[in-house]
Amino acid sequence: MEKIRIVLAGPRGKMGTEALKMIESTPHFELAAAVDSRNGGKRIKDIVGLPSFEALIYEDLHVCLDETVADVLIDLTKPEIGKKHLEIALERNVRPVIGTTGFSDEDLRRLSDLAADRQTGAIIAPNFAIGAILMMKFSQMAAKYLPHVEIIEKHHDQKLDAPSGTALKTAQLITEVRESVKQGHPEETEDLPGARGAELDGMRIHSVRLPGLVAHQEVIFGGEGQTLTIKHDSMNRASFMPGVKLAVERVMKIDQLVYGLENIIE
Ligand SMILES: NC(=O)C1=CN([C@@H]2O[C@H](COP(=O)(O)OP(=O)(O)OC[C@H]3O[C@@H](n4cnc5c(N)ncnc54)[C@H](O)[C@@H]3O)[C@@H](O)[C@H]2O)C=CC1
Ligand SMILES: O=C(O)C1=N[C@H](C(=O)O)C[C@H](O)C1
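Residues numbered from 1 in each chain as written. Chains lettered and ligands numbered in written order. Predicted model: local features only at pLDDT ≥ 70, side-chain atom pairs only at ≥ 80, totals over all residues. Heavy atoms only, no water.

### Considering the layout of surface pockets
Taken as a whole, the largest pocket encloses approximately 1100 Å³ of empty space. Along its surface, the largest pocket is lined by 41 residues, and Met-15, Leu-76, Thr-77, Lys-78 and Thr-100 are the ones closest to its centre. Contributions of two or more residues to the lining of the largest pocket are made by helix 1 (14-24), helix 3 (61-67), helix 4 (79-91) and helix 7 (165-175). The leading source of residues in the lining of the largest pocket is helix 4, at five residues. Looking at the lining of the largest pocket, you find at least three residues from each of domain 1 (4-124 + 238-263) and domain 2 (130-235). A volume near 250 Å³ is recorded for the second largest pocket. Taken together, 14 residues make up the lining of the second largest pocket; nearest its centre are Phe-103, Asp-105, Leu-168, Gln-172 and Tyr-259. For the lining of the second largest pocket, the secondary-structure elements that each account for two or more residues are helix 5 (105-118) and helix 7. A per-element tally of the lining of the second largest pocket places helix 7 first, with four residues. Residue composition of the lining of the second largest pocket, grouped by class: seven nonpolar, six polar and one charged. (1 Å grid on protein atoms, 1.4 Å probe; cavity = no way out; pocket = protein on both sides within 12 Å on 5 of 7 lines; lining within 4 Å. Points joined across faces, edges and corners; volume = space filled by probe spheres on them. Helix = DSSP H or I, 4+ residues; strand = E, 2+ residues; numbered from the N terminus. Domains from an automatic or database assignment. Nonpolar A, V, L, I, M, F, W, Y, C, P; charged D, E, K, R; others polar.)

Here it is, written out as structure tokens:
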């Protein structure tokens, strides 16, 4: 089998270091280069303790792709950078697998058109953990019958964005099937601003940030005399890697943009 040549953006990060281990242990993957905000000109083996990686580090994705033969870009940096990198990769027919968040509906439309024009596969995955994908799918099933729903997402306190991409994706999947309802008391007040969380189509989303957490979400449904809680916990970043690996393999076989791994797992 021919190896899939990967450029990894964000190799020093919490996700990036796990992704390096995953690439190293996958015989048909090869690290072609890396993109980092520092360390340009060095080699990956010089900045992380993985001596097998000779791949060069670039500080600019344009230059990296000018000088590197690559099939796939994995981006695990931060929201605005991931979006920019996705576009640069597509313009060069390198297939992006993006783990960062912050894509508006308008971004998704524009980038889908770009992927279709270039006939180049692209995957944006708000969450790579297979359990989290199932949590979202089960939540969508439940929302059809129990439309009163609140989402509580909990993350480590180094997370930049709120609410999480996973919470937004969950809410979006729920709005596809749920009848719009006004939740809570019609006359409820918020005596401390933010107490009821963010609001999306009547649903409430609450974001918790604490040291000690990794990535966790509860979707709580309420009905007459009953509640249903669907809960997922990522205990470490290794939990995301089977999904990253699957996305890299699948992006090689598609010629359009896919938003969410639920669209590629059977
Ligand atoms: N889709 C998913 O399943 C998951 C997505 N994430 C997302 O992945 C991203 C990374 O998460 P963590 O590893 O926890 O963050 P982190 O802060 O540990 O790592 C981010 C890395 O990106 C690098 N970086 C920043 N700007 C850059 C630039 N311009 N070019 C290249 N590299 C740059 C930083 O140096 C850092 O090493 C976040 O956006 C996070 O929300 C995190 C976990 C799971
Ligand atoms: O920043 C994180 O850590 C995570 N980000 C993604 C999100 O915003 O949903 C995925 C996962 O929750 C971890």
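### Observations concerning the site of ligand 2
By nearness alone, every residue bordering ligand 2 is listed as Thr-101, Pro-126, Asn-127, His-155, His-156, Lys-159, Asp-161, Ser-164, Gly-165, Thr-166, Ala-215 and Phe-240. In the model, an oxygen atom of ligand 2 is placed 2.7 Å from a nitrogen or oxygen of the Lys-159 side chain. Separating an oxygen atom of ligand 2 from a backbone N or O atom of Gly-165 is a distance of 2.8 Å. Judged by its atoms lying within 2 Å of the grid points, ligand 2 is housed in the largest pocket. Its residues assigned to classes, the shell around ligand 2 shows three nonpolar, seven polar and two charged. (Near = heavy atom within 4 Å. Polar contact = N/O pair within 3.5 Å; in protein donor to acceptor, adjacent residues only side chain to side chain. Sits in = over half its atoms within 2 Å of the grid points.)

### Structural notes on unusual backbone geometry
With omega at -5°, the peptide bond leading from Ala-162 into Pro-163 counts as cis. Residue position: Pro-163 is located in the loop between strand 7 (148-155) and helix 7. Positive phi, normally seen in glycine, also occurs at Gln-119, with a value near 50°. One can find Gln-119 in the loop between helix 5 and strand 6 (122-124). With relative accessibility at 57%, the residue Gln-119 sits in the exposed group. (Buried < 20%, exposed > 50% of the residue type's maximum accessible area, 1.4 Å probe, protein only.)

### Examining the domain arrangement of the chain
When cut into domains, the chain gives domain 1 (4-124 + 238-263) and domain 2 (130-235). When each unit is reduced to the centre of its C-alpha atoms, the spacing between domain 1 and domain 2 is 29 Å. Between domain 1 and domain 2, the contact holds 11 residues from the first and 13 residues from the second. Buried area between domain 1 and domain 2, both sides added, is near 960 Å², and the carbon and sulfur share of it is 66%. Interface area lost by domain 1 to domain 2 is led by Thr-101, Tyr-259 and Glu-262, which between them contribute 49%. (Contact = heavy atoms within 4.5 Å. Buried area = accessible area lost by both parts, 1.4 Å probe.)

### Notes on the pairing of strand 9 (residues 203-209)
Side chains on a regular strand alternate between the two faces of the sheet. Relative to strand 9, strand 7 is paired through six bridges, and the arrangement is parallel. What sits directly across from His-155, in strand 9, is Arg-209. Pairing of strand 8 (residues 198-200) with strand 9 involves three bridges; the strand directions are antiparallel. Paired with Leu-200 across the strands is Met-203, a residue of strand 9. Between strand 8 and the antiparallel strand that follows it, strand 9, lie two residues; Asp-201 among them carries a positive phi value of about 50°. (Pairing = 2+ DSSP bridges.)

### Some thoughts on the side chain of Lys-83
Here Lys-83 is to be found in helix 4. A polar contact of 3.3 Å, which involves the side chain of Lys-83, links it to the backbone oxygen of Gly-102. Each residue touching Lys-83, except ones within four places of it in the same chain, is listed here: Thr-100, Gly-102, Phe-103 and Asp-107.

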